[in-house]
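Results of the structural survey
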Amino acid sequence: MKLYCVVAVLVLYLGPLRAADIDNGDDLHFSNCTGCHDALVYTRDDRRVRSLAQLGTQVRFCKDTLGLTWFDDEVEDVIEYLNKTYYHF
């Protein structure tokens, strides 16, 4: 019974676990980011992003600057897409 309570509290506290949807991240990126960014931005030697945390910060900055109304899971989808496709952190 105690284990059940601990698990229930963790689920409520942490929220449901969800794997990022890379295909959705690709779609969101294509629709919203390619107007300013091409693949060279992500692969150049002097790129600004050097860690997964910095990638998250940059994606959130761009989202906020453009006034995009993405949910947190959509932001995570774009981060995962960019990481898997270009950064490999």
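Please read these numbers as outputs of a predicted model, since none were measured by experiment.

**Examining the overall build of the protein chain**
When helices and strands are counted, the protein chain shows 5 helices and 0 strands. Taken from N to C terminus, the helices and strands of the protein chain fall in the order α-α-α-α-α. A buried classification covers 27% of the 89 residues belonging to the protein chain. Considering only intrachain contacts with a sequence separation of at least 6, the fraction spanning at least 24 residues in the protein chain is 69%. Accessible surface, the protein chain as shown: approximately 6700 Å² in total, 60% of it carbon and sulfur.

**Remarks on unusual backbone geometry**
Here the phi dihedral of H88 falls at roughly 60 degrees; this positive angle occurs in a residue that is not glycine. Along the chain, H88 falls in the segment after α5 (72–87). Taking the relative accessible area as the measure of exposure, H88 reaches 56% and is therefore exposed.

**Description of α5**
Every buried residue belonging to α5 is among E74, V75, D77, V78, I79, Y81, L82, N83, Y86 and Y87, and all of these are buried. Next to the buried residues of α5 lie α2 (22–32), α3 (39–43) and α4 (52–66). Backbone geometry just after α5 places H88 at a positive phi near 60 degrees.

**Remarks on the environment of V75**
You can see V75 is positioned in helix α5. With a relative accessible area of 3%, V75 lands in the buried category. With 46 residues separating them along the chain, V75 and H29 place their C-alpha atoms 9.8 Å apart.

**Focus on the state of the cysteines**
The bond known as a disulfide is covalent and runs between the sulfur atoms of two cysteines. Summed over the entire model, instances satisfying the criterion amount to 0 disulfides. In this structure C62 is a free cysteine whose sulfur lies 6.7 Å from that of C33, the closest cysteine sulfur available.

**Some words on the packing of α4 against α5**
Packing of α4 against α5 brings their axes to within 10 Å, and their N-to-C directions diverge by 130 degrees. When the axis of α4 is compared with that of α5, the two are oblique. Of the two possible hands of crossing, α4 and α5 adopt the one that is right-handed. Contacts from L52, L55, G56, V59, R60 and K63 in α4 reach V75, E76, V78, I79, L82, N83 and Y87 in α5. For the contact of α4 with α5, the residue count by class is 8 nonpolar, 2 polar and 3 charged.

**Topic: the packing of aromatic side chains**
Taken as a whole, this structure holds 4 aromatic pairs when the rule is applied. Centroid distance Y87 to F89: 5.4 Å. Interplanar angle 15 degrees. Geometry classified as stacked. On the basis of relative accessible area, F89 is assigned to the partly exposed category, the value being 40%. Pairwise contacts between aromatic rings join Y42, Y81, Y86, Y87 and F89 into one cluster.

Rules of the game
Residues numbered from 1 in each chain as written. Predicted model: local features only at pLDDT ≥ 70, side-chain atom pairs only at ≥ 80, totals over all residues. Heavy atoms only, no water. Helix = DSSP H or I, 4+ residues; strand = E, 2+ residues; numbered from the N terminus. Buried < 20%, exposed > 50% of the residue type's maximum accessible area, 1.4 Å probe, protein only. Contact = heavy atoms within 4.5 Å. Areas by Shrake-Rupley, 256 points an atom, 1.4 Å probe, with all protein chains shown as cover. Disulfide = S-S within 2.5 Å. Axes fitted to C-alpha atoms, helices over the stretch in contact; angles between N-to-C directions. Parallel < 35°, antiparallel > 145°, perpendicular 65-115°, else oblique. Left-handed = near helix turned anticlockwise from the far one by under 90°. Nonpolar A, V, L, I, M, F, W, Y, C, P; charged D, E, K, R; others polar. Phe/Tyr/Trp six-rings, centres within 6.5 Å; stacked < 30°, edge-to-face > 60°.

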